[in-house]
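Here is how the chains run, residue by residue.
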Amino acid sequence: MRILSIVSDLNGGGTQRVAVDVAELYRAAGYESAILARLGGGPRSAGLDESGITTFIENADISGTAVSEALAWNPDIIHIHRPGLNNPNEGRLLRLFKKDNPAVRVIEHSHFGRADYSRDGSLIDVHIQISL
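Fair warning: this is a prediction, and the values are worked out from it, not measured in the lab.

Colleague: Lay out the environment of A19 in plain terms, naming residues and giving numbers.
Modeller: In this fold, A19 is placed in helix α1 (residues 14-28). Spatially, the C-alpha atom of A19 lies 8.3 Å from that of I80, the residues being 61 residues apart in sequence. Once residues lying within four places of it in the same chain are set aside, the contact partners of A19 are S5, V7, I35 and H81.

In C-alpha cells form, the structure reads like this:
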C-alpha cells in the first residue's frame, strides 16, 4: 500500500515534524511512504530519501512537476497535515488526486482542531482533530 503525506513545506514547524514522523512510521510499518511538500522543502527533508521515503517538493504551483510525479506515484491513501480550515489550494490538490484515482482515500490531520465545513472538506474521508 502506498501512503502519501501532504504538508505545506518541510521547514521546522510542528505540523511538519508530525508529517515527517508519521511518514517514517508508515515506512517502518512496511508501507510505501512518500511526502509531498506543496510550498517547498526545508531542513526536515534531510534524510528522508535515505530512510526510503520518496519526497516530492513543489513550489506553490499545484500543476508543477512534483505534483505530477506524486500523481504518477499513485497513492492508495493521502494523509494531509493542515490547520483544518478551508484552503482552496489544498482543495484543488485533493480534487486532482481524486480525479486521477477516485478510489484514493484521504485522511486529514488537523493540528488545530478546526473543522473544514466547505465543499472541499467533503473530499476528506477521515478527519482527525487534534487540539491542545
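Colleague: Quick one: what's the story with the side chain of R82, residue by residue and with numbers?
Modeller: Relative to the elements of secondary structure, R82 occurs in strand β4 (residues 77-82). Setting aside chain neighbours within four positions, we find R82 in contact with T15, N87, E90, E108, H109, S110, H111, D116 and I124.

Colleague: Now, about the nonpolar core: what can you tell me, with residues and values included?
Modeller: Counting 19 residues, the largest nonpolar core has L4, I6, L36, F56, I78, L94 and F97 as its most contacted members. The element best represented in this core is helix α2 (residues 65-73), accounting for 5 residues. Dropping the residues within four chain positions of it, L94 is found in contact with I78, I80, V106, L123 and I124. In terms of nonpolar packing, the next biggest core, distinct from the first, is built from 9 residues, V7, L10, V20 and I53 among them.

Calculation notes
Residues numbered from 1 in each chain as written. Predicted model: local features only at pLDDT ≥ 70, side-chain atom pairs only at ≥ 80, totals over all residues. Heavy atoms only, no water. Helix = DSSP H or I, 4+ residues; strand = E, 2+ residues; numbered from the N terminus. Contact = heavy atoms within 4.5 Å. Core = buried A, V, L, I, M, F, W, Y, C linked by side-chain atoms within 4.5 Å. Buried < 20%, exposed > 50% of the residue type's maximum accessible area, 1.4 Å probe, protein only.

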